[in-house]
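# Chain and residue survey
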Amino acid sequence: MAVSPESSTRIRFWGVRGSIPVPGRGTVRYGGNTACVEIRADGEVIILDAGSGIRELGLALDKEFGTNPISLSLLISHTHWDHIQGFPFFVPSYSDKNRIRIFGYDGANSGLGEILRGQMATPFFPIGLYDLPGKIQFENLNRMDFNIGKVRIVAKRLNHPGVCIGYRVFTSKGSIAYLPDHEPYESLHLHSPESGSPSPQDLKQRALSARAELMEFLRDCDVLILDSQYTDDEYRSHVGWGHGSISTSIAQARDAHARQLVLFHHDPRHDDEMIDEMAESARRLVAQTGAQLSIEAACEGAEIKLG
Ligand SMILES: [Zn+2]
Ligand SMILES: [Zn+2]
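What comes next concerns the included structure. All residue numbers refer to position in the chain's written sequence, counted from 1. Chain labels run from A onward and ligand labels from 1 onward, assigned in the order the entries are written. Selection of residues for local features in this predicted model requires a pLDDT of at least 70, selection of side-chain atom pairs for listing and counting requires 80 or more, and totals for whole chains, interfaces and linings are taken over all residues. Note that water and hydrogens are dropped before the side-chain values are worked out from all heavy atoms of the structure.

## Overview of unusual backbone geometry
Definition in use: The helix and strand labels rest on DSSP assignments: H or I over at least four residues marks a helix, E over at least two residues marks a strand, and numbering proceeds from the N terminus. Burial classification: accessible surface area is computed with a 1.4 Å probe over protein chains only, and a residue below 20% of its type maximum counts as buried, one above 50% as exposed, and the rest as partly exposed.
Note the cis peptide between T122 and P123, where omega equals 10°. With respect to the helices, strands and loops of the structure, P123 is situated in the loop between α2 (112-119) and β6 (135-140). Even without glycine at this site, H257 takes up a positive phi of about 60°. By secondary structure assignment, the location of H257 is in the loop between α5 (246-255) and β12 (260-264). For H257, a relative accessible area of 47% corresponds to the partly exposed category.

## A look at the coordination of the zinc ion (ligand 2)
Applied cut-off: Only N, O and S atoms count as donors, using a 2.8 Å limit from the metal and a wider 3.2 Å limit for Na, K and Ca, and since water is excluded some coordination spheres may look unfilled. Only two sets of limits are used to name each site, 85 to 135 degrees for every angle of a tetrahedral four-donor site, and over 155 degrees for opposite donors with all other angles from 65 to 115 for a square planar four-donor or octahedral six-donor site, with any other site named irregular.
Protein coordination of the zinc ion (ligand 2) is provided by H78 (NE2), H80 (ND1), H160 (NE2) and D181 (OD), with donor distances spanning 2.1 to 2.6 Å. Of note is the zinc ion (ligand 2), whose 4 donor atoms meet at the metal with angles of 90 to 173° in an arrangement that counts as irregular. Counting the intervening residues between successive donors of the zinc ion (ligand 2) yields the motif H-x1-H-x79-H-x20-D. The distance between the zinc ion (ligand 2) and the zinc ion (ligand 1) comes to 3.6 Å, and D181 binds to both of them. Using a relative accessible area of 4% as the deciding quantity, one classes H78 as buried.

## Considerations on the pattern of salt bridges
This is how it is decided: Note on definitions: salt bridges are taken to be side-chain nitrogens of Lys or Arg within 4 Å of carboxyl oxygens of Asp or Glu.
Under the counting rule described, the total for this entry stands at 19 salt bridges. Across the salt bridge formed by R12 and E303, the nearest N and O atoms sit 3.0 Å from each other. Linking R12 in strand β1 (residues 9-15) with E303 in strand β14 (residues 303-306), this pair joins segments that are 291 residues apart in sequence. Using a relative accessible area of 24% as the deciding quantity, one classes R12 as partly exposed. Here R236 and D233 are joined by a salt bridge, their closest N and O atoms 2.7 Å apart. On the criterion of helical spacing, the pair formed by R236 and D233 is a turn pair, its members being 3 residues apart in helix α4 (residues 232-236). Looking at R236, the relative accessible area reads 58%, which means it is exposed. A cluster of three or more residues bridged by salt bridges with shared partners is formed by E186, R211, R254 and D255.

## Focus on α5
Stated precisely, the cut-off is as follows: Contact definition: two residues touch when any of their heavy atoms are within 4.5 Å.
When you tally the buried positions in α5, you get 7 out of 10 residues, the bulk of the element. Within α5, the full set of buried residues consists of I246, T248, S249, I250, A251, Q252 and A253. In this fold, the buried residues of α5 make contact with α3 (200-218), β11 (223-227), α4, β12, α6 (272-289) and β13 (294-297). In the segment just after α5, H257 is the residue with positive phi, at about 60°.

## Points about the sheet that holds strand β4 (residues 71-75)
Test applied: Strands were regarded as paired on the criterion that DSSP finds at least two bridges between them. Only the stretch in contact is used when fitting a helix axis, every axis being a line fitted to C-alpha atoms; angles between N-to-C directions are given from 0 to 180 degrees.
Read from one edge of the open sheet, 7 strands run β6-β5-β4-β3-β2-β1-β14, paired in mixed fashion. Edge positions in the sheet fall to β6 and β14, since each has one partner strand and no second. Neighbour to neighbour, the strand axes of the sheet diverge by 20° on average, direction disregarded. Pairing of β4 with strand β5 (residues 99-104), which is carried by 5 bridges, proceeds in the parallel orientation. Each bridged residue has a counterpart across the sheet, and for S71 the counterpart in β5 is R99.

Rendered as structure tokens:
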């Protein structure tokens, strides 16, 4: 069954946490599941990452489609555990009526399919990836600009240990940028494969040009879902860990002329009150600069509509 074309683009958050799921009383409002975001646009079902939040999404899709086939596209940012660990529990892959295309970058030179197979191999899981009845097809990102139906996807390498890909999703009702794990270039800590020990001047030049490229990639997006794991204080002692902070997220959103910033990849140690405070401090900071930027902290179950 093709998804009935909706009049708006809908973004729904199923997992907003970084590193590890943290269920419990302290995280009931924002949620404890790891990264998973659903986009419904132009008749397509597009899923960003397969953290533990994808389990609930799978159950919801199963209920919605019933006996009708589901055709969906899963874009994986990278294969750190918090972005793939929910896939073995994704119910649509257990039915041969469903077609699942998985897009991602070969982060460990062994192929995306091999990496996902590894986490389901004996002795980690009772069912092998290739024993799943669903029609699963892997698409290594050879091209960084492609289409899923009428939706254009542009991919870009981010600043994170290993290989991490950010996605820009252009729908007919607006565009979304998804950068779940990304360390701001401002810190001059570059997680790049380029070898050698560059002079401070070279390093600064590389960081500046990488940042300028990223701003071009993000320019004028309607919704920017961005790694904002740390407070500014916390970030000072976590430079090089591959994640962002509140004020650097605001600076990037502002410089890219994003309309809405969604703080994402919440630290597992941050409870609901802490995330409230971080979102508030971000709004105060934006108010001081007089910029037009709306800010929300990503929250499981929350929806954003465009158009
Ligand atoms: Zn992560
Ligand atoms: Zn990561």
